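Now for the letters of each chain:
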Amino acid sequence: MKILVTPRSITTRPLDDVPELDPLRARGWTLVAGPAGRLPTADELAALLPGVDGWVCGVEKVSAQTLASADRLKVIARNGVGADAIDTDAAAARGIEIALARGANANGVAELAVALMLSALRDIPATDAALHGGDWRRRLGSELADCNVGIVGYGAIGRIVSRLVRAFGARVFAYDPIADVSSDGAEAVSLAQLFAQSDIVTLHSPKPKSGHPLVDSALLESMPRGGVLVNTARSALVDTGAALDALRSGRLSAYAVDAFDQEPPVLDELLRHPRTIMTAHLGGYTDSSTRRATEQAVANVISRLTA
């Protein structure tokens, strides 16, 4: 068997130095590394995929054109929870299974979401930048204990966020059309109720099947003035124009985002706004999260190729 390994979090080191890949080596399977520490281009993937049986894949775009080079591929094992970057119809047409590392990065993403909330409430990024520039500035902050926190999407990540912010003393509202919310300490509400009652809204859901943003101007305008929107999930969840208008009007005091259409992102007006806080897709980029995600992806490759 020949296994392609392309996630940036893995290829920053030689593959021989990644112990989570040992179960593949123990079977005598050949490991093929993508470019070190960066996303492979479409041309690079086209050159790497022929003869590959399994693929441990990151956030790289997997198009129908890319899959046309996959003459033996049976499984794409993501080291994460989403398959947004994969043309799932093209994969299915070629008989390629897609396996996800569900829950592997939940702690890391949840902790970052809370860190972004605190950064917004206490104006940490702007204060740090001012002090580095030789200026002394202070902005009256808010405490998480005085906030209502709305969690959109109550899966593994949302539940950890709920537990963390409740430990600070926050009241939690949650919306999820599928998951049981009320059994876990949060108050189940509709999406409209959540935005209308929450000082902070944090997003942990897939993008709508309709293709339209979940968070639009109507929802943002219903929030208490000076609210905070945190997006560690997907850029497509938020209407960027509506978020920019909300920042300009003061309806939002901060937009904190760790998810972008492309990496690095194009800095549009929303991302350039002084009240936008950006992190470089750091949610699941921790030692523990990357280890768990790699272990699950490897286990998924093995289970599919040995079935």
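Residues numbered from 1 in each chain as written. Predicted model: local features only at pLDDT ≥ 70, side-chain atom pairs only at ≥ 80, totals over all residues. Heavy atoms only, no water.

Peer 1: Go over the UniProt feature "domain: D-isomer specific 2-hydroxyacid dehydrogenase NAD-binding" (unreviewed entry) in the protein chain with me, naming the residues and quoting the values.
Peer 2: Here, the residues flagged by UniProt with the feature "domain: D-isomer specific 2-hydroxyacid dehydrogenase NAD-binding" (unreviewed entry) are residues 114-283. Note that residues 114-283 is 33% helix and 18% strand, and that its end C-alpha atoms are spaced 11 Å apart. (UniProt positions renumbered as here; feature names shortened; annotations may be inferred. Helix = DSSP H or I, 4+ residues; strand = E, 2+ residues; numbered from the N terminus.)

Peer 1: Can you explain the pattern of salt bridges? Please cite residues and give values.
Peer 2: Inspection of every chain in the model, using the stated rule, returns 14 salt bridges. The residue arginine 8 makes a salt bridge to glutamate 263 at a minimum N-O spacing of 2.8 Å. Taken together, the positions of arginine 8 in helix H1 (residues 8-11) and glutamate 263 in the loop between strand E11 (252-257) and helix H12 (269-272) put the pair 255 residues apart, joining distant regions of the chain. A residue is classified by how much of its surface remains accessible, and arginine 8, at 27% relative accessible area, is partly exposed. (Salt bridge = Lys/Arg side-chain N within 4 Å of Asp/Glu carboxyl O. Buried < 20%, exposed > 50% of the residue type's maximum accessible area, 1.4 Å probe, protein only.)

Peer 1: Requested: an account of the sheet that holds strand E7 (residues 171-175), with residues and values cited.
Peer 2: As summarised here, the arrangement of the seven strands in space is E8-E7-E6-E9-E10-E11-E12, forming an open sheet in which the pairing is parallel. Looking at which strands have only one partner, the edges of the open sheet turn out to be strand E8 (187-188) and strand E12 (276-278). For strand E10 (residues 227-231) and E11, the ladder comprises five bridges, and the chain directions are parallel. When the bridges of E11 are listed, valine 228 appears paired with alanine 254. Together, strand E6 (148-152), strand E9 (200-203), E10, E11 and E12 form the strand contacts of helix H6 (residues 106-121), whose direction differs from that of E10 by roughly 150°. Packed onto the sheet, helix H8 (residues 156-168) meets E6, E7 and E9 and runs at close to 170° relative to E6. (Pairing = 2+ DSSP bridges. Contact = heavy atoms within 4.5 Å. Axes fitted to C-alpha atoms, helices over the stretch in contact; angles between N-to-C directions.)

Peer 1: Which residues make up the packing of H6 against H8, and what values go with them?
Peer 2: Taken N-terminus to C-terminus, the directions of H6 and H8 make an angle of 45°; their axes are 8 Å apart at the nearest point. Classified by the interaxial angle, the pair formed by H6 and H8 is oblique. The way H6 lies across H8 gives a crossing that is right-handed. Residues Ala106, Asn107, Val109, Ala110, Glu111, Ala113, Val114, Met117 and Leu118 of H6 touch H8, and the partners they reach there are Ala156, Ile157, Ile160, Val161, Arg163, Leu164, Val165 and Phe168. Along the lines of polarity and charge, the residues of the contact of H6 with H8 split into 14 nonpolar, one polar and two charged. (Parallel < 35°, antiparallel > 145°, perpendicular 65-115°, else oblique. Left-handed = near helix turned anticlockwise from the far one by under 90°. Nonpolar A, V, L, I, M, F, W, Y, C, P; charged D, E, K, R; others polar.)

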